[in-house]
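# Analysis of the macromolecular model
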Amino acid sequence: EYMGSCATLFQAGKMPPQPHRPALVVAAFIFCIFLNMPAPLISHHMPRSLHTHEILPSNKDLKLFARALFRFGEVVVDVIILFGVFFVYLPQYLQIRRTKNSDGFSLFVPLILLASNIMRIFYWFGERFAFALLGQAVSTVLVQCAMLELCIRSRTHKTEVRRTWTDFRFQDFWMWDDFVSYVIATALFTVCVGGFTVYALDHHILIDVIGFISLGIESLLPFPQCYRNHCRRSTDGLNSVMVVTWFLSDLLKTIYFIGTHAPLPFLMCGAVQCLVDIVILFQIFQFQTRHKSLVLTLNVANDAIVRESPRIRTPE
């Protein structure tokens, strides 16, 4: 209330009443500046005890401080965008490593992320978007390679015939049993996309096609996990913390895309990912609730059977 009254008096060129604390006058002065109010020089109205540059900074100093504060916020957001992917998949990684079971995690999630982020890296050479988004693509590729290696090593269902990429069976695509096959397939895809990008640099329409395909593939990221949960009618093995971080990171990315005026494919990708993340969170709530109610029903039924069963008497 005091800051509001000070703002009104400042606009009228009048001096507000002496506050109990000089900091309130400084706060009111800053309040005027951030609202773009005409803040006249009021130092001649102030008591002698307040005639110091340390207590009453100038308009220019305050605007420089606000600009520096805003820039610091941008740097913090860039760091979160750049390294956030490590924290998104850390809970799932630790869970798979602890249980030595990767059945609940779909290998098509790394496939989608590797394909989309490799294309995004090459898309940057034709459309120079924010450097933080380029760094995020590189870090995502590294994280997904680590997730792939752990999932292959932690498989519980072993096949009798070892599957590799040289088998060329469509039904076994991305279901191989050795990590080297995934590395070779990723390297071949990278070479193909790189060659196409070199040709497309002279054709801006083709660069836009790379961007739309890249971000379109990334928007499909939650669909394999969503479909897997639907088929299994369960979310066992899926870390709920990871899904929550999925949603928060996708929401943050979408806001970041809007704030940095990113190309249209980024905005479309972020919106679709947020919607599917919400669906997966609903699946976790639905299936876990159903599982708990089923366990409770079975326990009640077992108790009833035990109570109603006749007691077995031993012969004398």
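Residues numbered from 1 in each chain as written. Predicted model: local features only at pLDDT ≥ 70, side-chain atom pairs only at ≥ 80, totals over all residues. Heavy atoms only, no water.

### Some words on the overall build of the chain
Spelled out, the test is: Helix numbering and strand numbering both begin at the N terminus, where a helix is a DSSP run of H or I of at least 4 residues and a strand a DSSP run of E of at least 2. Partly exposed describes any residue whose relative accessible area lies between the buried limit of under 20% and the exposed limit of over 50%, with all areas from a 1.4 Å probe on protein chains only and scaled to the type maximum. Contacts between residues were defined by any pair of non-hydrogen atoms, one from each residue, lying within 4.5 Å. Computed with a 1.4 Å probe, the accessible areas rest on the Shrake-Rupley method; for each residue, only the protein chains presented here act as cover.
Scanning the chain for helices and strands turns up 10 helices and 0 strands. The linear arrangement of helices and strands in the chain, starting from the amino end, is α-α-α-α-α-α-α-α-α-α. In the chain, which comprises 316 residues, the share counted as buried stands at 38%. Once local pairs closer than 6 in sequence are excluded, the contacts in the chain between residues at least 24 apart make up 71%. A total of about 19400 Å² of accessible surface is found on the chain, and carbon and sulfur atoms cover 68% of it.

### What about the packing of helix α4 (residues 108-126) against helix α7 (residues 204-219)?
Operational definition: Axis lines are fitted through C-alpha atoms, for helices just across the contact stretch, and the angle between N-to-C directions can take any value from 0 to 180 degrees. Should an angle fall under 35 degrees it is called roughly parallel, over 145 degrees roughly antiparallel, and 65 to 115 degrees roughly perpendicular, with every other angle called oblique. Definitions for this section: a left-handed crossing has its near helix turned counterclockwise from the far helix by less than a right angle. A right-handed crossing has that turn clockwise.
For the pair α4 and α7, the least separation of the axes is 8 Å and the interaxial angle reads 155 degrees. Considering their axes alone, α4 and α7 lie roughly antiparallel with respect to each other. Taken as a pair, α4 and α7 cross one another with a handedness that is left-handed. Residues Ile112, Ala115, Ser116, Met119, Arg120, Tyr123 and Gly126 of α4 touch α7, and the partners they reach there are Ile207, Asp208, Ile210, Gly211, Ile213, Ser214, Leu215, Ile217 and Glu218.

### Digging into a nonpolar patch on the surface
The condition that has to hold: Two joining distances apply to patches: 9 Å for like charges and 5 Å for nonpolar side chains (Val, Leu, Ile, Met, Phe, Trp, Tyr), and every residue must have over 30% relative accessible area and no salt bridge. Basic side-chain nitrogens of Lys or Arg form a salt bridge, by our definition, when they fall within 4 Å of a carboxyl oxygen of Asp or Glu.
A cluster of nonpolar side chains, namely Val75, Val79, Phe83, Phe86, Phe87, Leu90 and Leu94, defines an oily patch on the protein surface of about 630 Å² accessible area. Structurally, the position occupied by leucine 90 is in helix α3 (residues 59-99).

### A closer look at the pattern of salt bridges
Going through the model one piece at a time under the given rule, you end up with 3 salt bridges. For aspartate 177, the salt bridge identified is with arginine 155, shortest N-O distance 3.0 Å. On the criterion of sequence distance, the pair formed by aspartate 177 in the loop between α5 (131-153) and α6 (179-200) and arginine 155 in the loop between α5 and α6 is long-range, its members being 22 residues apart. The exposure classification of aspartate 177 matches that of arginine 155, with both residues buried. Between arginine 163 and aspartate 177 there is a salt bridge, with its nearest N and O atoms 3.3 Å apart. Placement of the pair is arginine 163 in the loop between α5 and α6 and aspartate 177 in the loop between α5 and α6, with a sequence separation of 14 residues. Just as arginine 163 is buried, aspartate 177 falls in that class too. Among the charged side chains, a network of salt bridges with common partners joins Arg155, Arg163 and Asp177.

### What to know about the confidence of the model for the chain
This is how the line gets drawn: Values of pLDDT, which run from 0 to 100, indicate the predictor's confidence residue by residue.
Confidence in the prediction for the chain averages 75 pLDDT; 71% of positions are at 70 or higher. Across the chain, element-level confidence peaks in α6 with a mean pLDDT of 93 and bottoms out in helix α2 (residues 22-34) with 50. Here residues 33-56 is modelled with pLDDT under 50, and outside its nearest four sequence neighbours on either side it reaches 32 contacts, counting other chains as well.

### Regarding α7
Using the following cut-off: Each helix should span, by expectation, one fewer than its residue count multiplied by 1.5 Å. In this description, one arc is meant: the one made by directions from the helix axis to the C-beta atoms.
Across its 16 residues, α7 extends 23 Å between first and last C-alpha, which sits within 8% of the 22 Å expected from 1.5 Å per residue. Buried within α7 we find Ile207, Ile210, Gly211, Ser214, Leu215, Glu218 and Ser219. Projected down its long axis, α7 shows its buried positions confined to an angular sector of 165 degrees, all on one face.

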